[in-house]
Amino acid sequence: MQKWTRQNCPQKALVDAAEDALEYAYSPYSHFQVGAALLDDHGVIWSGCNIENAAFSPGTCAERTALYKAVSEGVRSFQAIAIVGRQEGEQTLTASFTTPCGVCRQVLSEFCAKKMPVYVANGADDVVEYTLNELLPHSFGPEDLS
Ligand code: THU
């Protein structure tokens, strides 16, 4: 784990893109808006927001929206992801860090290297960088099926 300020974070543009994506969050049930931005190996940023549903369980997280957008267009190699959260109606990001949920950690691990950096930013402009492996150690992946 590494700590940065938003200004000196090596992926500041990715954090900014995650915050932009949060504007599109569809979260009428939780009122919690999440934005994610995934950087692919060609330097393209794939962004996503959470999309909730009246039936609750079909709702999906911002991270999976971003990843599925990329994978559905043939992109499977990624360098980094940034994630931010905000309470609906607030101007600033949450005080706490919005780290990916367990399902998203597993889904990311299908396509992303264990050492891929995961950046989470808060409303105080702190950024914490984890590796995917730090968030999902001892994971079950495609290699474990053989
Ligand atoms: N959510 C995300 O989109 N990503 C996360 O990392 C945590 C949770 C969404 C799911 C739901 O729409 C809302 O935040 C509240 O849990």
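Residues numbered from 1 in each chain as written. Predicted model: local features only at pLDDT ≥ 70, side-chain atom pairs only at ≥ 80, totals over all residues. Heavy atoms only, no water.

**Concerning the overall build of the chain**
Scanning the chain for helices and strands turns up four helices and six strands. Listed N to C, the secondary structure of the chain is β-α-β-β-α-β-α-β-β-α in terms of helices and strands. Its C-alpha atoms give the chain a radius of gyration of 14 Å, near enough to 15 Å, the size a compact globule of 146 residues would have. Dimensions along the principal axes, computed over C-alpha positions, put the chain at roughly 50 × 40 × 30 Å. Counting across all 146 residues of the chain, residues that qualify as buried make up 45%. In the chain, the proportion of contacts linking residues at least 24 apart, taken out of those at least 6 apart, comes to 62%. (Helix = DSSP H or I, 4+ residues; strand = E, 2+ residues; numbered from the N terminus. Rg over C-alpha atoms; globule rule 2.2 N^0.38 Å. Buried < 20%, exposed > 50% of the residue type's maximum accessible area, 1.4 Å probe, protein only. Contact = heavy atoms within 4.5 Å.)

**Considerations on the site of the ligand**
In the region of the ligand, the neighbouring residues are S30, F32, V34, N50, E52, C61, A62, E63, T98, T99, P100 and C101. In the environment of the ligand, an oxygen atom lies 2.9 Å from a nitrogen or oxygen atom belonging to the backbone of A62. Within the side chain of E63, an N or O atom sits 2.5 Å from an oxygen atom of the ligand. Within the complex, the protein chains bury 76% of what would otherwise be the 380 Å² of accessible surface of the ligand. Mapped onto the shell around the ligand, the elements with two or more residues apiece are β2 (32-40) and α2 (62-71). Per-class residue counts for the shell around the ligand are six nonpolar, four polar and two charged. (Near = heavy atom within 4 Å. Polar contact = N/O pair within 3.5 Å; in protein donor to acceptor, adjacent residues only side chain to side chain. Areas by Shrake-Rupley, 256 points an atom, 1.4 Å probe, with all protein chains shown as cover. Nonpolar A, V, L, I, M, F, W, Y, C, P; charged D, E, K, R; others polar.)

**Looking at the nonpolar core**
Ranked by size, the top nonpolar core spans 22 residues in total, and within it L38, F78, I81 and I83 carry the most contacts. Where this core is concerned, the elements lending two or more residues are β2, α2, β4 (78-87), α3 (102-111), β5 (117-121), β6 (126-131) and α4 (132-135). Sort the elements by how many residues they give to this core and α2 lands first, with four residues. When residues no more than four places from it in sequence are discounted, the contact partners of L38 are L14, V44, I45, W46, A66, L67, F78, A80, I81 and M116. (Core = buried A, V, L, I, M, F, W, Y, C linked by side-chain atoms within 4.5 Å.)

**A short note on the pattern of salt bridges**
Enumeration over the complete set of coordinates arrives at four salt bridges. A salt bridge links R6 to D16; the nearest nitrogen and oxygen atoms lie 2.9 Å apart. In this pair, R6 is assigned in the loop between β1 (2-5) and α1 (12-22) and D16 in helix α1, connecting sequence segments 10 residues apart. Judged by relative accessible area, which is 10%, R6 ranks as buried. For D16, a relative accessible area of 24% translates into the label partly exposed. Between R86 and E23 there is a salt bridge; the shortest N-O distance is 3.3 Å. Note that R86 is positioned in strand β4 and E23 in the loop between α1 and β2, a separation of 63 residues in sequence. (Salt bridge = Lys/Arg side-chain N within 4 Å of Asp/Glu carboxyl O.)

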